[in-house]
Structures are given as structure tokens and as C-alpha cells.
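Read off the chains here:
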Amino acid sequence: MNKLLATALVWMLIGGAAVAANTAPASDASIREMLELTNAQQMLEGIKGQMATMMNSAMQNATKDQTITPARQEILDRMRAKMSAVVTDTLNWDQLLPMYLRTFRASFTQDEIDGVIKFYKSPAGRAYVKKMPLVMQNVMKEMPEFIKPLQERMAAIQKEAIQELKDLKEKEDAKK
């Protein structure tokens, strides 16, 4: 009987330790390993390039029916450079890493991150990481066509609101 009780106690302790391990927050070292395995820093650099491409495309669309003089082009070029600098400054790995560590630590247990690491070390995980830049590139190629109807609808809403504001101003001015 004592042997049965001792065995049950051992299993309870083992089970309790396993539960504690499952709920322990992920360590910074394991999160860093996972970010390294997923090429997170390289993905961030790719996102910056894709954002620059999207900004250039948006600027071309915004000015497509306009005559761009050299003076206007200088202004647009300065704006593009400033916007690019903002993106570069904001999407800085050294500034984002502490946020990644905090959010992953708050969201995942050590066991979950260990499982993610195990996946990314597997052939399927390595293939996923290797092909993800191509997936993102393909998504970004399709994004302008996807966003175009959204932009058109937003422009129509903006035009309608501007007209409503003009009409309201005219009514208010007429009452004076």
C-alpha cells in the first residue's frame, strides 16, 4: 500500500512539474532562437523594400493624370525620401526586438516556443521559412489590384464628404 501511495505521489509531482513547465513563460533565448530560425530580421528588411515599392506605386497612381514639372518632381522626391526614412527608422530591428521579446513571452509558454522551434528546424519548417519571402513577394504583387477598389471607394466617400462640407458652408453663409 505504501508503495502504491509513493508511486501515486511521484506521478502527481511529475504531473505538477509538467504543468508548471507548460505554463512557464518562454525565455528570451528561446524566442531569439525562434526569430533567428524564422529569419525574422531578414523578413523585416524585405517588408521595408516592399513598403517602398508600394509607396512608389501609390505616388505614381496619385499623380498619373497630372503634369509633373521638375519643381513638382523635386517635392515628390523629397517626400518619398522622407517617407522612406520614416519607414527605415520605425522598422528598426534593434527597436523592434524588445517588443517581439515582450509579446512572444506574454503570448507563448516555453513548451509552445520549443514546439515552434522544433517545427522550424524540421524539413517542412525550413521549407516554409525559405519560401515565405516568395509568398510575401507574390502577395505584394497582387496587393495593388486588391487595394484599388478600396482606394476608389475611399476616394468617392472623401469626395462626397467634401461636397457635403461645401454645401453646409454655403447654407451657413446664406443664413448670415
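In the block above lies the structure referred to throughout.
Sequence order as written defines the numbering, with residues in each chain counted from 1. Totals for whole chains, interfaces and linings use every residue, but because this is a predicted model, local features are given only for residues with pLDDT of at least 70 and side-chain atom pairs only at 80 or more, for both listing and counting. Water and hydrogen atoms play no part in the side-chain values, which are based on all heavy atoms of the structure.

Caption draft 1: The arrangement of the overall build of the protein in detail. Scanning the protein from terminus to terminus reveals 7 helices and 0 strands. Looking at the protein residue by residue over its 176 residues, the buried ones come to 17%. Runs of H or I in DSSP of at least four residues are treated as helices and runs of E of at least two as strands, each being numbered from the N terminus. Only protein chains enter the accessibility calculation, which uses a 1.4 Å probe; a residue is then buried when its area is under 20% of its type maximum, exposed when over 50%, and partly exposed in between.

Caption draft 2: Region of the structure containing the side chain of K48. By the element assignment, K48 lies in helix α3 (residues 40–62). Given the relative accessible area of 14%, K48 is considered buried. Within the structure, the side chain of K48 is placed 3.2 Å from the side chain of E45, a separation counted as a polar contact. Beyond its immediate stretch of four places on either side in the chain, K48 contacts V87, T88 and L91. The term polar contact refers here to a pair of N or O atoms within 3.5 Å; inside protein, the definition further demands a hydrogen-donor-capable atom paired with an acceptor-capable atom, and it admits residues adjacent in sequence only when both atoms are side-chain atoms. Working rule for contacts: check all heavy atoms of both residues, and any pair within 4.5 Å makes them a contact.

Caption draft 3: Representation of the packing of α3 against helix α7 (residues 123–175) in the model. Orientation of α3 relative to α7, taken along the N-to-C sense of each, is 25°, at an axis distance of 11 Å. Between α3 and α7, the angle falls in the class roughly parallel. Crossing handedness for the pair α3 and α7: right-handed. Across the interface between the two elements, M43, Q50 and M54 of α3 pack against M132, P133, M136, Q137, M140 and I147 of α7. Polar here means any residue outside two lists: the nonpolar Ala, Val, Leu, Ile, Met, Phe, Trp, Tyr, Cys and Pro, and the charged Asp, Glu, Lys and Arg; Gly therefore counts as polar. The residue inventory of the contact of α3 with α7, partitioned by class, reads 7 nonpolar, 2 polar and no charged. Axes here mean lines fitted to C-alpha atoms, for a helix over just the part in contact, with angles spanning 0 to 180 degrees between N-to-C directions. Oblique is the label for any angle not covered by the other classes, which are roughly parallel (under 35 degrees), roughly antiparallel (over 145) and roughly perpendicular (65 to 115). Two helices cross in a left-handed way if the nearer one is turned anticlockwise from the farther one by less than a right angle. They cross in a right-handed way if the turn is clockwise.

Caption draft 4: Molecular detail of the packing of aromatic side chains. By convention, a stacked pair of Phe, Tyr or Trp rings (six-membered ring in the case of Trp) has centres within 6.5 Å and planes under 30 degrees apart, an edge-to-face pair has planes over 60 apart, and any other such pair is tilted. Per the counting criterion, the structure on display carries 6 aromatic pairs. Centroid distance F119 to Y120: 5.0 Å. Interplanar angle 65°. Geometry classified as edge-to-face. Looking at F119, the relative accessible area reads 37%, which means it is partly exposed. Judged by relative accessible area, which is 15%, Y120 ranks as buried. By the ring-pair criterion, three or more aromatic residues cluster together here, those being W93, Y100, F104 and F108.

Caption draft 5: How the structure looks around the nonpolar core. Here, the term nonpolar core denotes a set of buried Ala, Val, Leu, Ile, Met, Phe, Trp, Tyr and Cys residues that are joined through side-chain atoms within 4.5 Å. If you look at the biggest cluster of nonpolar residues, it comprises 16 residues, and the most contacted ones within it are I31, M34, L35, W93, F104 and I113. Mapped onto this core, the elements with two or more residues apiece are α2 (28–37), α3, α5 (93–107) and α6 (110–121). No other element matches α5, which puts 5 residues into this core. With sequence-adjacent residues up to four places away left out, I31 is seen in contact with A26, Y100, L101, F104, R105 and I113.

Caption draft 6: The arrangement of α6 in detail. Relative to the 16 Å expected for 12 residues at 1.5 Å per residue, α6 spans 16 Å between its end C-alpha atoms, a close match to the ideal helical length. Among the residues of α6, Q110, I113, I117 and Y120 are the ones counted as buried. Down the axis of α6, the buried set is contained in an arc of 85°. They therefore lie on one face. On its buried side, α6 packs onto α2, α5 and α7. Under the convention used throughout, the expected extent of a helix is 1.5 Å for every residue step, that is, one less than its residue count. Each C-beta atom gives one direction from the helix axis, and the arc is the one those directions make.

Caption draft 7: Focus on the pattern of salt bridges. By definition, a salt bridge exists where a carboxyl oxygen of Asp or Glu is found within 4 Å of a side-chain nitrogen of Lys or Arg. Counted by the stated rule, this structure contains 5 salt bridges. Its salt-bridge partner being E33, residue K121 comes within 2.9 Å of it at the nearest N-O pair. Here K121 is found in helix α6, whereas its partner E33 is found in helix α2, with 88 residues between them in sequence. For E33, a relative accessible area of 32% puts it in the partly exposed group. For K48, the salt bridge is made with E45, and the minimal N-O distance between the two is 3.2 Å. Placement of both K48 and E45 in helix α3 is noted, with a separation of 3 residues, approximately one turn of the helix.

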